[in-house]
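Letter by letter, the chains look like this.
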Amino acid sequence: MAHARKRIEANFSNYSAYHARAKILGALPKEAGAARVEKVKEEVELVKNAFYTEPTDQSGWMYATWLANLTGSAEPVSAVLEAARELHDDDPTLKWPLLASTLDPKCNKTELLEQLCAQDKNRAGYYRDAMGGCVEQRVTRKVQEVFKVVANALYLGPQTSPAGCTPYGSRT
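All of these numbers come straight from a predicted model, not from anything done at the bench.

(A) Highlighting the environment of Glu75. Note that Glu75 resides in helix α5 (residues 74-90). A relative accessible area of 42% places Glu75 in the partly exposed class. In this structure the C-alpha to C-alpha distance between Glu75 and Val44, which are 31 residues apart in sequence, comes to 9.7 Å.

The structure is reproduced here in structure tokens:
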């Protein structure tokens, strides 16, 4: 974990280092309970440094989402949402904080997705589809699904990727 931390501190975009940390954390037994949640909180603090240093880099946001789903605890999610709000308040044009904010059950998802359509023209169709007459729960599930698929492919490798999907360059 120490080596991977050094790699991340040197380059917040180091997917390999996040992957190594995810493998170690994923191997912690669920029975570890409070210790597991505490370790995830430490990881969230590490990745928040990445948010504030390079808020446009997706690697930290993907890792944070994977962390939030690891424990089922609301604490990691709250910490990620707090950072997303702060960054969005500082610069409303940042995509990743805005997308992370859609995971907040209290937010106006339609408004956030409309902002994303305007800012991220390449994925506007996806955001419009997520808005298109849907209930807010459907939007949340769709955004979470995208984050989970990408995070699992990046950090856990092909053994947990969706059926028929393998990361670039791997062989089936």
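(B) Molecular detail of a negative patch on the surface. There is a patch of like negative charges on the surface, built from Glu82, Glu86, Asp89 and Asp90. Here Glu86 is to be found in helix α5.

(C) Region of the structure containing the packing of aromatic side chains. Scanning the entire structure with this criterion turns up 4 aromatic pairs. Both rings, one in Tyr63 and one in Trp66, keep their centres 6.1 Å apart while their planes meet at 15 degrees; by these two values the pair is stacked. Of this pair, Tyr63 and Trp66 both sit in helix α4 (residues 58-71), 3 residues apart, which is roughly one turn of that helix. Both residues of the pair, Tyr63 and Trp66, count as buried. Ring geometry for Tyr126 and Tyr127: centres 5.4 Å apart, planes at 70 degrees, overall edge-to-face. Its relative accessible area of 2% is what places Tyr127 among the buried residues. Aromatic ring contacts, followed pair by pair, group Tyr18, Tyr63 and Trp66 into a single cluster.

Cut-offs applied
- Residues numbered from 1 in each chain as written.
- Predicted model: local features only at pLDDT ≥ 70, side-chain atom pairs only at ≥ 80, totals over all residues.
- Heavy atoms only, no water.
- Helix = DSSP H or I, 4+ residues; strand = E, 2+ residues; numbered from the N terminus.
- Buried < 20%, exposed > 50% of the residue type's maximum accessible area, 1.4 Å probe, protein only.
- Patch = residues over 30% accessible without salt bridge, like charges linked within 9 Å, V, L, I, M, F, W, Y side chains within 5 Å.
- Areas by Shrake-Rupley, 256 points an atom, 1.4 Å probe, with all protein chains shown as cover.
- Salt bridge = Lys/Arg side-chain N within 4 Å of Asp/Glu carboxyl O.
- Lys, Arg positive; Asp, Glu negative; His and termini not counted.
- Charge placed at Lys NZ, Arg CZ, Asp CG, Glu CD.
- Phe/Tyr/Trp six-rings, centres within 6.5 Å; stacked < 30°, edge-to-face > 60°.

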